[in-house]
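Architecture and fold: a report
The lines below spell out each chain.
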Amino acid sequence: MKKKAITRLDYCQYLLVSQTNYTLTNYAEHHPESISHDRINRYLRHDKLKPKLVWEKVKDDIVLDDDGYLIFDDSILDKNHSHKIELVNRQYSGNAHRIIKGICIVNCIYVNPKTEQYWLIDYRIYDKTTDGKSKLDHLKDMLQHSIEHKQIKFKYVLMDTWYATKDIMLYIDNLQKIYYCPLKSNRKVDDSKGVNPYKAVNELTWTDQEQQNGKLIKIHAFPKDYKVQLFRVVVNENRTDWIVTNDTTQDSSDGTRLVCAIRWKIEQFHRELKQLTGIEANQCRKARIQRNHICCCMLVWLQLARQAKRLKQSLYQDGLDCHQRHHSGFIRWHTIGVCHPLED
């Protein structure tokens, strides 16, 4: 009798209920059929899961708003103790505050400002040796795809300093969307209308009124008549952010602070993704296996978010409930739309 093949549903359920050990060997040992881990490896090698699957699963859940936000940021999957995993590159990790070996994922989430809910809608795996695309290229692709194919309603785009480039900022402006993004402290700007030479943004002087209302500046190398509004936002005694926006009607430092606070939704997403799905735990070497594992982890996060909303819980409470249901021998996988048993 031919053995039943492992499916995406099976693997996602394993990620959904496992708490600390996400290895294929552990999955094989706890499978009700006592299967070989090679069967799981075989599935992950031959399936071809792509980011569009995330949109297919989430598009009916999103509550759109004309004033919605698209937020972009990247996250590094720590593979610092791995030596032969494909897709791994040496890159700076904001979490580790140093250069590490890891897989970089550029993520895009949608935020409804009225309900404060957020949804993952797209992601890209950064591997320039494979597709020749930079992280900036991936952002532009996702932004364009959100407008032309997903047809998402949104007004604002938020991003980190890495993406606050001339190309990206002008691209967003040409789409007639509003961006807010922090500048690096040494970015050259001019607030004197050409009277004085450019200086680092952290060297500008501020009047009390400018502290409250911001100031109009020109960023070095931008088009001659292109001006943006700059705000000095003191986060704490050790950190000051220099926020720019193409919304030159914005005249409130407090309003800018509230907009920028929404950007931390994507940091919350990154934390939940890493702590609840095992996205960093897969040590298989092949790029295709890593890509499929990452996509399955994204689907698991979507399921946890959906269930958390329904039960009015946090994702961490919902994740614990899934683990408890696993030990009772029954898992309900609503993302796929079927019920399936998984027993120890």
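The structure this text deals with has already been given above.
Description of the structure in this document. (Residues numbered from 1 in each chain as written. Predicted model: local features only at pLDDT ≥ 70, side-chain atom pairs only at ≥ 80, totals over all residues. Heavy atoms only, no water.)

**Quick look at the nonpolar core**
Stated precisely, the cut-off is as follows: Throughout this description, the term nonpolar core refers to a set of buried Ala, Val, Leu, Ile, Met, Phe, Trp, Tyr and Cys residues connected via side-chain atoms within 4.5 Å. Partly exposed describes any residue whose relative accessible area lies between the buried limit of under 20% and the exposed limit of over 50%, with all areas from a 1.4 Å probe on protein chains only and scaled to the type maximum. What counts as a helix is a DSSP run of H or I of at least four residues, what counts as a strand is a run of E of at least two, and both are numbered from the N terminus. Working rule for contacts: check all heavy atoms of both residues, and any pair within 4.5 Å makes them a contact.
By size, the foremost hydrophobic cluster in this structure holds 99 residues, and its most contacted members are Y11 and M298. Looking at this core element by element, the count peaks at 14 residues for helix α11 (residues 287-311). Those residues in contact with Y11 that lie beyond four places of it in its chain are L24, Y27, I40, Y43, L44, N282, H293 and C296.

**Examining the pattern of salt bridges**
Basically, it comes down to this: By definition here, a salt bridge exists when the distance from a side-chain nitrogen of Lys or Arg to a carboxyl oxygen of Asp or Glu is within 4 Å.
In the structure shown here, the tally under the stated rule is 13 salt bridges. We note a salt bridge from D160 to R263, for which the minimum N-O separation is 3.9 Å. Remark: R263 occurs in the loop between α9 (253-262) and α10 (264-276) and D160 occurs in the loop between β5 (156-158) and α7 (166-174); sequence separation between them is 103 residues. Exposure remark for D160: the relative accessible area of 23% places this residue in the partly exposed category. Taken together, the shared-partner salt bridges connect D122, R124 and K150 into one network.

**Things to note about the packing of α10 against α11**
Note the threshold: For every element, the axis is a line fit to its C-alpha atoms; helices are fit only across the contacting stretch, and the angle between N-to-C directions ranges from 0 to 180 degrees. For this classification, under 35 degrees means roughly parallel, over 145 means roughly antiparallel, 65 to 115 means roughly perpendicular, and everything else is oblique. Each residue gets one label: Ala, Val, Leu, Ile, Met, Phe, Trp, Tyr, Cys and Pro are nonpolar, Asp, Glu, Lys and Arg are charged, and the others, such as Gly, are polar.
Interaxial distance between α10 and α11 falls to 10 Å at its minimum, and their mutual angle equals 110 degrees. Overall, the two elements α10 and α11 adopt an arrangement that is roughly perpendicular. For the pair α10 and α11, the contacting residues are F269, E272, L273 and L276 in the first and C297, M298, W301 and L304 in the second. Broken down by class, the residue content of the contact of α10 with α11 amounts to seven nonpolar, no polar and one charged.

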